[in-house]
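# Structural overview
In case you want the letters, here they are:
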Amino acid sequence: MMHTFNRRRFLQLAGMASAISVLPRAFGAAPPARVVVVGGGFGGATVAKYLRMWGGDKVAVTLVDPNPSHIACILSNLVVTGALSMDRITLGYSALEKRGVKVQKGRVMAINYGSGTVSLSDGTALAYDHLVLSPGIDFIPPPEGPWDPNVTPHAWQAGPQTLLLKQQLASMRDRDTFVMTVPKSPYRCPPGPYERACVVADYLKRKKLIFAKVVVLDANPSIQAEPLAFTEAFNFIYKGMIEYVPNATVLAVNSQTRSIQTSAGDWSNVRALNYIPNQRAAAVGPSSSLNRGWPVLNAQGFVPVDPLTYGISGYPNVHVIGDACAVPASEGKAVPKSGHMANAEAKICADAILRSLNGESPDKNITTNSACFSPITSTTASWLSANFNYGDIYDGVGKLKGKGMHRVDLGEAPRTNGDNYQDMFTWAEGLFADSFA
Ligand SMILES: Cc1cc2nc3c(=O)[nH]c(=O)nc-3n(C[C@H](O)[C@H](O)[C@H](O)COP(=O)(O)OP(=O)(O)OC[C@H]3O[C@@H](n4cnc5c(N)ncnc54)[C@H](O)[C@@H]3O)c2cc1C
């Protein structure tokens, strides 16, 4: 059931991220527990920060990421349109270092779960007592190519991809078409592709290009998030400019000719092809290895976890948070893959690790929540909020199927407006600071 929230209530929830009872830690005089965190995005940065904040010198935290800073996907659609610069979404690790997190530049190439070590690209091996994996997503290539994301960018990981898409959008002229895809659910940021369609259409409108349009090829049967806001945007604000095509399964992508074939039709030689592929957990081992380095994956390529600890069954000291994990949930009420949710999961995971080091059981009284703000024009935005409690979860006909995170609320902004657009920056800055500062 959809509930509408008032703005004050929404901002309270957006700032809260997760509610868990945090107790002062009382460890013995043991050497610090070694926690290795893989991935310095929203999940990884938050768990590293909160482990040190709550665990102090009882935990030695090493955060591994190949990049010197994290470029947030959040707000990155506004970098594509030129409304924001890259530095607004570039988040450094210096504040984490001040908290005592050791930041190690490198890419994890393999994990030896038996001996408890991770191997980095430069040959370094790091031993861990607890391992937290938050590497985000990888892309599943289209059935047929040649597909090259450096020619036709997805821009679903922010950075050079964002700038390439920005250039391609800027090259559009009268009568040109921007073709984009929406991946099959589950994927990173459910409202994100529809938001991109809107801000791209807004850009083309403001540039006064004649008959330029956006084609949205959705692999899903319908709009996956904020249906009120996006249906209104597609049918009224961008009437005649955005063509929405549901049930469009991608069959082939040719980056050289900027052409795409789908079950709902083909588009050739378009000016900008923004193919956002289907997604799975990012690899933590060689692509040739079993499950690309993961001990276990579900049918959709994500890692099933226990929502009380974010641990993997059979691997009690290995935790997976953020977009890479699959949280048990009620049918049709999945936990979204969002930065806000990754931040909430990270806090629960940090608390569970510290409790386990203290010989305590994980807290069962946990909630998580997620928020996404979606710019619809250059001055207005919509939002989405979802709240989850730990407890019973149900299948599609309401039959109990076990324990997990049950969605108790789903709210969409009652209207798209300028206040939401301003609140979007307040919310994003709050989340950036809670994760990285
Ligand atoms: C256009 C767009 C808009 C979005 N808007 C919102 C929004 O409004 N609200 C919201 O909450 N979310 C939003 N999101 C989603 C959000 O960005 C992701 O859900 C979030 O980043 C997930 O966090 P994560 O820690 O799982 O992964 P990431 O933040 O992607 O971090 C993964 C990190 O792991 C590192 N890594 C990967 N592999 C390895 C390896 N082998 N070794 C070491 N490091 C590795 C990467 O370098 C990266 O830094 C948006 C996403 C997009 C694309």
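Conventions adopted
- Residues numbered from 1 in each chain as written.
- Predicted model: local features only at pLDDT ≥ 70, side-chain atom pairs only at ≥ 80, totals over all residues.
- Heavy atoms only, no water.
- Helix = DSSP H or I, 4+ residues; strand = E, 2+ residues; numbered from the N terminus.
- Contact = heavy atoms within 4.5 Å.
- 1 Å grid on protein atoms, 1.4 Å probe; cavity = no way out; pocket = protein on both sides within 12 Å on 5 of 7 lines; lining within 4 Å.
- Points joined across faces, edges and corners; volume = space filled by probe spheres on them.
- Nonpolar A, V, L, I, M, F, W, Y, C, P; charged D, E, K, R; others polar.
- Domains from an automatic or database assignment.
- Buried area = accessible area lost by both parts, 1.4 Å probe.
- Salt bridge = Lys/Arg side-chain N within 4 Å of Asp/Glu carboxyl O.
- Axes fitted to C-alpha atoms, helices over the stretch in contact; angles between N-to-C directions.
- Parallel < 35°, antiparallel > 145°, perpendicular 65-115°, else oblique.
- Left-handed = near helix turned anticlockwise from the far one by under 90°.
- Near = heavy atom within 4 Å.
- Polar contact = N/O pair within 3.5 Å; in protein donor to acceptor, adjacent residues only side chain to side chain.
- Areas by Shrake-Rupley, 256 points an atom, 1.4 Å probe, with all protein chains shown as cover.
- Buried < 20%, exposed > 50% of the residue type's maximum accessible area, 1.4 Å probe, protein only.
- Pairing = 2+ DSSP bridges.
- Core = buried A, V, L, I, M, F, W, Y, C linked by side-chain atoms within 4.5 Å.

Structurally, alanine 324 is set in the loop between strand E22 (315–320) and strand E23 (325–326). Linking alanine 324 and glycine 56, residues 268 residues apart in sequence, is a C-alpha distance of 27 Å. For alanine 324, the contacting residues outside a window of four places in its chain are Pro135, Gly136, Ala281, Trp294, Phe302 and Val303.

What follows covers the layout of surface pockets. In this structure, the second largest pocket spans a volume of roughly 1,000 Å³. Every residue lining the second largest pocket is counted, 43 residues in all, and those nearest its centre are Gly332, Lys333, Ala334, Val335 and Pro336. Mapped by element, the contributors of at least two residues to the lining of the second largest pocket are E23, helix H8 (339–357), strand E24 (367–375), strand E25 (381–394) and strand E26 (400–412). Broken down by element, the lining of the second largest pocket gets its largest block of residues, four residues, from E25. Here the residues of the lining of the second largest pocket are counted per class, giving 25 nonpolar, 10 polar and eight charged. Residue assignment places the lining of the second largest pocket across two domains, with domain 1 (7–138 + 280–436) and domain 2 (160–274) each supplying three or more.

To continue, consider the domain arrangement of the protein chain. Domain assignment breaks the protein chain into domain 1 (7–138 + 280–436) and domain 2 (160–274). Relative placement of domain 1 and domain 2: their C-alpha centres are 28 Å apart. Residue-level contacts link 28 residues of domain 1 with 31 residues of domain 2. With both sides pooled, the region where domain 1 packs onto domain 2 buries about 2,500 Å², and carbon together with sulfur makes up 62% of that total. Interface area lost by domain 1 to domain 2 is led by Asn77, Val80 and Ile376, which between them contribute 25%. For the pair domain 1 and domain 2, the interface holds one salt bridge.

On to the packing of helix H6 (residues 192–206) against helix H7 (residues 227–237), then. If you want to describe how two helices pack, look at the angle between their axes and the distance between the axes. Across the interface, H6 lies against H7 with an axial gap of 10 Å and an inter-helix angle of 25°. In terms of orientation, H6 and H7 fall into the roughly parallel class. Here H6 runs over H7; the crossing is left-handed. The segment H6 lies against H7, with Tyr194, Glu195, Ala197, Cys198 and Lys205 engaging Phe230, Ala233, Phe234 and Ile237. Partitioning the contact of H6 with H7 into residue classes produces seven nonpolar, no polar and two charged.

In the vicinity of the ligand there are 36 residues, among which Asp65, Val108, Ser134, Arg188 and His340 approach most closely. Within the backbone of phenylalanine 42, an N or O atom sits 3.2 Å from an oxygen atom of the ligand. Here serine 338 contributes a backbone N or O atom positioned 3.4 Å from an oxygen atom of the ligand. Protein contacts shield 95% of the accessible area of the ligand, which totals 1,000 Å² for the unbound molecule. For the shell around the ligand, the elements supplying multiple residues, two or more each, are helix H2 (42–55), strand E3 (59–65), helix H3 (76–80), H8 and E24. In the shell around the ligand, the residues fall into 16 nonpolar, 15 polar and five charged.

Enumeration over the complete set of coordinates arrives at 13 salt bridges. In this structure, aspartate 176 engages arginine 271 in a salt bridge whose closest nitrogen and oxygen atoms are separated by 2.7 Å. In this pair, aspartate 176 is assigned in the loop between helix H5 (160–170) and strand E12 (177–182) and arginine 271 in the loop between strand E17 (265–267) and strand E18 (272–274), connecting sequence segments 95 residues apart. Since its relative accessible area comes to 35%, arginine 271 is described here as partly exposed. The shortest N-O distance in the salt bridge between aspartate 434 and lysine 347 comes to 2.6 Å. With aspartate 434 in helix H9 (residues 418–436) and lysine 347 in helix H8, this pair connects stretches of sequence that are 87 residues apart. Here aspartate 434 and lysine 347 have matching classes, each one buried. Three or more residues are tied together by salt bridges with common partners; here these are Asp351, Arg355, Glu360 and Asp363.

In this section: empty space enclosed by the protein. Throughout the structure, instances matching the rule amount to one cavity of 30 Å³ or more. In this model, the largest cavity occupies a volume close to 40 Å³. If you go around the largest cavity, the residues you meet are Leu78, Thr81, Ala83, Val199, Asp202, Arg206, Thr377, Ser378 and Tyr421. The dominant element in the lining of the largest cavity, judged by the number of residues it contributes, is H6, at three residues. Grouping the amino acids of the lining of the largest cavity by side-chain chemistry returns four nonpolar, three polar and two charged. Lining the lining of the largest cavity are residues from two domains, each supplying at least three of them: domain 1 (7–138 + 280–436) and domain 2 (160–274).

Attention now goes to the sheet that holds strand E7 (residues 108–112). By definition, the strands of a sheet pair up through backbone hydrogen bonds, in either a parallel or an antiparallel sense. Ordered by their spatial adjacency, three strands build an open sheet running E7-E8-E9, and the pairing between neighbours is antiparallel. For this open sheet the edge positions go to E7 and strand E9 (125–127), each flanked by a neighbour on one side alone. Adjacent strand axes in the sheet meet at a mean angle of 20°, parallel and antiparallel pairs treated alike. By the bridge criterion, three bridges tie strand E8 (residues 117–120) to E9 in an arrangement that is antiparallel. Bridge pairing links threonine 117 to alanine 127 in E9.

The subject of this paragraph is the nonpolar core. Leu75, Leu131, Leu133, Leu204 and Val214 are the most contacted members of the largest nonpolar core, which has 121 residues in total. Domain assignment of the residues forming this core places at least three in each of domain 1 (7–138 + 280–436) and domain 2 (160–274). With near-sequence residues (within four places) excluded, leucine 75 lies in contact with Leu84, Ile89, Met424, Phe425, Ala428 and Phe432. Among the nonpolar cores identified, the runner-up in size contains 12 residues, and Val179, Trp267, Leu273 and Tyr275 belong to it.

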